[in-house]
Amino acid sequence: MFGTALSQLRYGMSILLNRRIRPQDLERIARDLVATLGEFGAPGADSALLPGQAAGIDPEVRRTVTRRSLRATARTAARHTAYYRRLLGDLGLDPDALDPDDGTWARVPVTPKQALRGLPGAFVSTAARPALMALTTGTSGTPTAVWYSRAELDTTLALSTISAVLGMGLRPHHTLAYAGCSRATLPLLNAEESTTRVGASFVQFGTLEPALALDRLAAPLGLPGKAPQITHLSTAASYLAALVHRAERDGWRPADFGLESIGVGGEVLSRPLRERAEAVFGARVTTSYLMTETLPSGGTPCAQGHLHHTTEFGHLEVLDPRTWEPTPPGGTGVVVHTPYVPYRECTLLLRYATGDLVRLPAAAPDCELAHLPATSEILGRWSGPLSAAVTTRDLLDLVEAEPEVPLPARYALTERPDGGAELHLLVRALPARALRARLEERIAAAGLPLTGLVLYDDRTALPPTAPLRADLREHSFETAPSPPGAGTVGAAGSGARDGDGAGVSVAGAGAALGVRAPAAAGGAPTATGTVPAQAGAGLAPVGTVPASAGTGAPSAGIVSASAGTAALPVRNVPTPAGAGLASAGTAPASAGVVPAPAGTAAPPVRTVSTPAGTGPTSAGTAPDPAGTVPASAGTGTPSAGAVSASAGTAPTPAATGPASAETVASSAGTAAAVSVDDEGSRS
């Protein structure tokens, strides 16, 4: 008790005097909070007074602390960073005379994101000891590099542990899965450390193919002292959308999972997506606002839908991105943030323009967090006047409520020559007249300044837009065909018209653990590890793919597109009408084809019949019209230029013909058209 009180006292004095924080004081507070949980099962009534918990503070005290913190941060930046030493020196600004109340603070120029991206070392304090370079995901452009010292990391981890207990409700019997990009070093480190310090278990998913992630979420853990299944999921909004899309399509139900809470960050979370995710997974979905550049500052939503920003760790401003003047009540502006010393000591930022759009309340809030500065939830990212007139949140609320729009929603917003705004949207199938009528009606009801709506059923035809975090797809050996007798849970490729866009057959991660394979739409659950046949289709012997009349061999010349690259054009090799495909690992008897060596074992393949008139698609290519099931990767004839499943064989087609436009698709993360940048908030 005495040691905890002393740690809290030292921490409070550091804040009031802007002295360096002792990470061990925060770690002691976090440890004692975890010990309280172990003894009493719940945090004490005074937990709201702990660091980062948005406790109320006298307004005059807050103004004094804000003024002192801004001056200390500006003084440190001017002394120890090349960027601010020159900037403040050229302007003749005295850090010790800056005051947000008299207008002198506003004389400090706003720091653009491009400056930090261009020369991150110019913002690193010469008095610091850099230990870790944290990179943003780069969905809004070149990744931003932010350096952290060991002391900053220790402080952040202790604060994250407190937040995990009080904000996320993590307890020792819980298990949290992190389904974010594995290259997002700082969020991954925070998630793992804070979870395990609480005593809970941690599982790193990464951004796997959604069908595989669903299998893992549903798989029984069998761990002593833990809940039977994963209880908490942390992910980005677009990847959650991909999971929802796949779960709805494959017939997953809330009873299949043990999820209690889903935490979403990094992108705009729309109201329809939240509702659909809660319906599919049976778990509460929450969101928060954090940025790599401004950590540990952030925002917490209230019951009335405001986003309340902490004043303990930094200073918030909402400015007009064209004039950098303060945004009036009810207006839309950009979040400009100054993280305070002593929480930050390595990369120092003054008036950093985040690019995140928010709207200020027209009247003072009367919610439970009214004592903290309030904005709307993040609306999107500033890219020009059109991005503020029609925000990302406006568009996602419009389109993600429609089941005919694949998730994550793929769209683009363009300006017409007459100055109007036109929405380009990917849908499952055209003509989609009923969908168009509903969208146009809701556009008018919401008062969105859109003068055109263009629907597509081919993703490659969309105007080019920025990527999503869900496009940072990670590969796994579990997506390869399973050994004979193991069974697979079907994960047919989505291609151009599907939301998750993987196009591989997923080995049933839960098969050996007894996980139920989800039922097909309108059907009963299948046996573990089996793939249901389409209506009227019989299953062929294992290792073969039945061909329908007019079926074409898999496309030739396909090269898998890695992240950030464009898929190559596809050329199709026709197969004579009525001809069947050879079993996997061998090639049809065409001129120039090298047959598989005698005795070569073919890998197991999915035995789903291909509808008449369609061709089995290779991984990454577009599926045929809605209702058909394309062959998974590894079935049928291998594509030209690829190594055959048989050892060392490479089939070469005799003749090729041009493919239709809709047979070209991009793998996850390729440069094909994807959604407008939704990186509204980043963690």
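Residues numbered from 1 in each chain as written. Predicted model: local features only at pLDDT ≥ 70, side-chain atom pairs only at ≥ 80, totals over all residues. Heavy atoms only, no water.

A. Just the overall build of the protein, in detail. Scanning the protein for helices and strands turns up 13 helices and 23 strands. Counting across all 683 residues of the protein, residues that qualify as buried make up 53%. Excluding contacts between residues fewer than 6 apart, the proportion of contacts in the protein whose partners are at least 24 apart in sequence is 72%. For the protein, the exposed surface amounts to about 27500 Å²; the carbon and sulfur share of it is 58%. (Helix = DSSP H or I, 4+ residues; strand = E, 2+ residues; numbered from the N terminus. Buried < 20%, exposed > 50% of the residue type's maximum accessible area, 1.4 Å probe, protein only. Contact = heavy atoms within 4.5 Å. Areas by Shrake-Rupley, 256 points an atom, 1.4 Å probe, with all protein chains shown as cover.)

B. Molecular detail of the sheet that holds strand β8 (residues 289-290). Read across the open sheet, the four strands follow the order β8-β9-β10-β14; overall the sheet is antiparallel. Each edge of the sheet is formed by a strand with only one pairing partner; in this case those strands are β8 and β14 (374-375). (Pairing = 2+ DSSP bridges.)

C. Here's a closer look at the side chain of Thr136. Mapped onto the secondary structure, Thr136 falls in the loop between β1 (130-135) and β2 (145-149). Among the polar contacts made by the side chain of Thr136, one reaches the main-chain amide nitrogen of Thr144 at a distance of 2.8 Å. Thr136 has contacts with Pro143, Thr144, Thr292 and Glu293, leaving out every residue within four places of it along the chain. (Polar contact = N/O pair within 3.5 Å; in protein donor to acceptor, adjacent residues only side chain to side chain.)

D. Summary view of the environment of Thr391. With respect to the element layout, Thr391 can be found in the loop between α11 (385-389) and α12 (392-399). A sequence separation of 57 residues divides Thr391 from Leu448, and the C-alpha atoms of the two residues are 9.4 Å apart. Only 3.0 Å separates the side chain of Thr391 from the side chain of Asp394, close enough to count as a polar contact.

E. Region of interest: the pattern of salt bridges. The final tally for this structure, using the stated rule, is 26 salt bridges. Ionic pairing is found between Arg276 and Glu248, a salt bridge with its closest N-O pair at 2.6 Å. Separated by 28 residues along the polypeptide, Arg276 in helix α10 (residues 271-281) and Glu248 in helix α9 (residues 237-250) bring together distant segments of the chain. On the basis of relative accessible area, Arg276 is assigned to the buried category, the value being 14%. Among the residues examined, Glu248 registers a relative accessible area of 36% and is labelled partly exposed. We note a salt bridge from Asp356 to Arg381, for which the minimum N-O separation is 3.1 Å. One end of the pair, Asp356, is in strand β13 (residues 352-359); the other, Arg381, is in strand β15 (residues 380-381), and 25 residues separate them in sequence. Residue Asp356 shares its accessibility class with Arg381, and that shared class is buried. A network of salt bridges, in which partner residues are shared, links Glu209, Arg246, Arg249 and Asp250. (Salt bridge = Lys/Arg side-chain N within 4 Å of Asp/Glu carboxyl O.)

F. Structural detail: the sheet that holds strand β6 (residues 261-265). Read across the open sheet, the five strands follow the order β4-β3-β5-β6-β7; overall the sheet is parallel. Either end of the sheet is taken by a strand with one partner, and the two such strands are β4 (201-204) and β7 (284-287). When the angles between neighbouring strand axes are averaged without regard to direction, this sheet yields 20°. In the sheet, β6 pairs with β7 via four bridges, with the strands oriented parallel. From the neighbouring strand, Ser261 faces β7, where its bridge partner is Arg284. Sitting on the sheet, α9 is in contact with β3 (175-179), β5 (232-236), β6 and β7, with an inclination near 115° to β5. (Axes fitted to C-alpha atoms, helices over the stretch in contact; angles between N-to-C directions.)

G. Quick look at the side chain of Thr144. Position of Thr144 relative to the elements: it lies in the loop between β1 and β2. For Thr144, the residues in contact, after removing those within four places along its chain, are Lys113, Leu116, Arg117, Ala134, Leu135, Thr136, Glu293 and Tyr352.

H. Region of interest: the packing of α9 against α10. Where α9 contacts α10, the two axes come as close as 10 Å, and the packing angle between them is 50°. Viewed along their axes, α9 and α10 adopt a mutual orientation that is oblique. The interaxial crossing formed by α9 with α10 has left-handed handedness. Taken together, the residues of α10 that come into contact with α9 (itself represented by Ala237, Leu240, Ala241, Leu243, Val244, Ala247 and Glu248) are Leu273, Arg276, Ala277, Val280 and Phe281. (Parallel < 35°, antiparallel > 145°, perpendicular 65-115°, else oblique. Left-handed = near helix turned anticlockwise from the far one by under 90°.)

I. Examining α12 more closely. Counting buried positions over the eight residues of α12 gives six, a clear majority of the element. Residues of α12 that are buried: Thr392, Arg393, Leu395, Leu396, Leu398 and Val399.

J. Structural context of helix α13 (residues 433-446). Relative to the 20 Å expected for 14 residues at 1.5 Å per residue, α13 spans 20 Å between its end C-alpha atoms, a close match to the ideal helical length. Leu435, Leu439 and Ile443 are the residues of α13 that are buried. Viewed end-on, α13 has its buried residues packed into an arc of 70°, placing them on one side of the element. Opposite the packed face of α13, turned more than 90 degrees from it, sit the exposed residues Arg433, Glu441, Ala444 and Ala445. On its buried side, α13 packs onto α12, β17 (421-426) and β18 (450-456). (Expected span 1.5 Å × (residues − 1). Arc of directions from axis to C-beta.)

K. Structural detail: the packing of aromatic side chains. Taken as a whole and assessed by the stated rule, the structure comprises six aromatic pairs. Ring geometry for Tyr84 and Phe123: centres 5.6 Å apart, planes at 75°, overall edge-to-face. Linking Tyr84 in helix α4 (residues 82-91) with Phe123 in the loop between α5 (113-118) and β1, this pair joins segments that are 39 residues apart in sequence. By relative accessible area, Tyr84 is classed as buried at 0%. A relative accessible area of 0% means that Phe123 is categorised as buried. Members of the aromatic cluster, each reached through a chain of ring pairs, are Tyr83, Tyr84 and Phe123. Taking the ring centre of Phe205 as reference, the NZ or CZ of Arg216 above it sits at 5.8 Å. (Phe/Tyr/Trp six-rings, centres within 6.5 Å; stacked < 30°, edge-to-face > 60°. Lys NZ or Arg CZ within 6 Å of the ring centre and 35° of its normal.)

L. View of the confidence of the model for the protein. With 64% of its residues at a pLDDT of 70 or more, the protein has an overall mean of 75. In this model, residues 480-517 is a region of pLDDT below 50 whose contacts with residues beyond four sequence positions or in other chains number 144 contacts. Here residues 519-683 scores under 50 on pLDDT; set against residues more than four positions off or in separate chains, the count is 352 contacts. (pLDDT = per-residue confidence, 0-100.)

M. Examining the pairing of strand β12 (residues 332-339) more closely. Taken across its eight residues, β12 has seven buried, putting it largely inside the fold. Note that strand β11 (residues 314-319) and β12 share six bridges and pair antiparallel. Residue pairing in the sheet places Glu317 in a bridge with Val336 of β12. In this sheet, β13 lies alongside β12 in antiparallel orientation, the contact comprising five bridges. In the strand pairing of β13, Gly333 is matched with Val358.

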